[in-house]
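# An overview of the molecular structure
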2 protein chains.
Amino acid sequence: MAFNTEQQPGMTESVAPETRGFRLNHSMLRVKDPQRSLAFYSRVFGMRLLRKLDFPELDFSLYFLAALDEGEVVPEDVDERTRWTFSQRGILELTHNWGTEKDADFRYHDGNSKPQGFGHICFSVPDLDAAVQWLDSHEVPFVKRPDEGGIKHVAFVTDPDGYWIEILEPARLTGLGRS
Amino acid sequence: MAFNTEQQPGMTESVAPETRGFRLNHSMLRVKDPQRSLAFYSRVFGMRLLRKLDFPELDFSLYFLAALDEGEVVPEDVDERTRWTFSQRGILELTHNWGTEKDADFRYHDGNSKPQGFGHICFSVPDLDAAVQWLDSHEVPFVKRPDEGGIKHVAFVTDPDGYWIEILEPARLTGLGRS
């Protein structure tokens, strides 16, 4: 399959058949307190919990969340749902190492202060202004509002662990970073 | 819309209508050398470059990559493709702060050594054994092979910046972490 998109130094010209069916399933973030994080991601971002996996011998649990489209049907059967979950794109995995929620001083590193690495996750929304109003109504802290900073039309907020979440509206980005 | 999936402390029982259309569009990782990262993600994971955005006034570029299904059509027109890109799920954004590739000592933090936070991205594959063979044929470093460690049937490899990439086959995970 040839790329019909963009070429840049390094990019292969075609997709190897051995990679057929590869899907970017999820990104994993460690969270201090799953109850707090589940409340945040379900209430503010409308995410649903597809699977929780417990590993008592290793003292951790994993939570797999998705923001689904209206009418999208998730299998009820747990094995079917497991297969379905791990076949999707754009799942958020939250890892809870048991006990961190009881340690007042415990916190995770957001990747934007030093040492840097991971930057953020991003939600696409149909209406940026309505989303900003919605986030304000839940007192979600803003790192940057749409009209602030060098790049307009995108916002950044933080989740309960301090991870950055970008908010964008696809139709507003067509003029951005044109080379 | 009621959740038909899992309930846990913290989860709301229904999805607020204000979150309709919210999609987990991408995760962002900073990379030292985009040419090296594009070669890796296109060659080994079959990803395509949907958009590159340059910000010369801020000395950085953004690369938006996707592992697409066979036959999936990406708009040719750049504005349409921009809207399409930011409407998808499961996009990988790579950020290149200009000049890091020329600094021999420069490296990003993977989030798994201290201080911890972000953990990994994950590709779902149709055949784990074939994928392991494919990764070995490209000499991709393994953090954990499927038969190693406490959790079988998943592998972890590293990308050129040292970020962890999980590899899993959905059908093999149905017995995992059952509570």
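Residues numbered from 1 in each chain as written. Chains lettered and ligands numbered in written order. Predicted model: local features only at pLDDT ≥ 70, side-chain atom pairs only at ≥ 80, totals over all residues. Heavy atoms only, no water.

Another aspect to go through is the domain arrangement of chain A. All names here are of chain A. If you check the domain split of chain A, you get domain 1 (24–101) and domain 2 (114–173). When each unit is reduced to the centre of its C-alpha atoms, the spacing between domain 1 and domain 2 is 21 Å. Taken together, the contact pairs 14 residues of domain 1 with 15 residues of domain 2. Across the interface of domain 1 and domain 2, roughly 1200 Å² is buried in total on both sides, 70% from carbon and sulfur atoms. Joining domain 1 to domain 2, the criterion identifies one salt bridge. Elements with a contribution of two residues or more to the side of domain 1 that touches domain 2: β1 (23–30) and α1 (34–43). With five residues, α1 is the single largest residue contributor to the side of domain 1 that touches domain 2. (Domains from an automatic or database assignment. Contact = heavy atoms within 4.5 Å. Buried area = accessible area lost by both parts, 1.4 Å probe. Salt bridge = Lys/Arg side-chain N within 4 Å of Asp/Glu carboxyl O. Helix = DSSP H or I, 4+ residues; strand = E, 2+ residues; numbered from the N terminus.)

Glycine aside, a negative phi is what most residues show, and trans is what most peptide bonds show. All names here are of chain A. Each neighbour pair has its own omega, and for K114 with P115 the value is -5 degrees, a cis peptide bond. Mapped onto the elements of the fold, P115 is located in the loop between β4 (91–97) and β5 (118–124). At H153, a position not held by glycine, the phi torsion is positive, near 70 degrees. Taking the relative accessible area as the measure of exposure, H153 reaches 37% and is therefore partly exposed. (Buried < 20%, exposed > 50% of the residue type's maximum accessible area, 1.4 Å probe, protein only.)

This paragraph deals with the interface of chain B and chain A. Taken together, the contact pairs 99 residues of chain B with 98 residues of chain A. Between chain B and chain A the total buried area reaches about 9000 Å² when both faces are included, carbon and sulfur atoms providing 58% of it. Between the two partners, chain B and chain A, sit eight salt bridges. Between R89 of chain B and D69 of chain A there is a salt bridge; the shortest N-O distance is 3.6 Å. Connecting chain B to chain A are 40 residue pairs in polar contact (both at pLDDT 80 or more). When grouped by side-chain class, the residues that make up the side of chain B that touches chain A number 48 nonpolar, 30 polar and 21 charged. As defined by bridge partners, β1 of chain A adjoins strand β5 (residues 118–124) of chain B across six bridges and the pair is classed as antiparallel. If you follow R23 of chain A over to β5 of chain B, its bridge partner there is S124 of chain B. (Polar contact = N/O pair within 3.5 Å; in protein donor to acceptor, adjacent residues only side chain to side chain. Nonpolar A, V, L, I, M, F, W, Y, C, P; charged D, E, K, R; others polar. Pairing = 2+ DSSP bridges.)

A word on the relation of the copies chain B and chain A. For the match of chain B to chain A, the screw axis carries a shift of 0.0 Å, the RMSD comes to 0.0 Å, and the turn is 180 degrees. Put plainly, the chains are arranged around a two-fold axis. The position closest to the rotation axis in chain B is occupied by the C-alpha of G90 of chain B, lying 2.0 Å away. Most of the interface of chain B is mirrored in chain A: 99% of its interface residues are interface residues there too. (Least-squares fit on C-alpha atoms with pLDDT ≥ 70 in both.)

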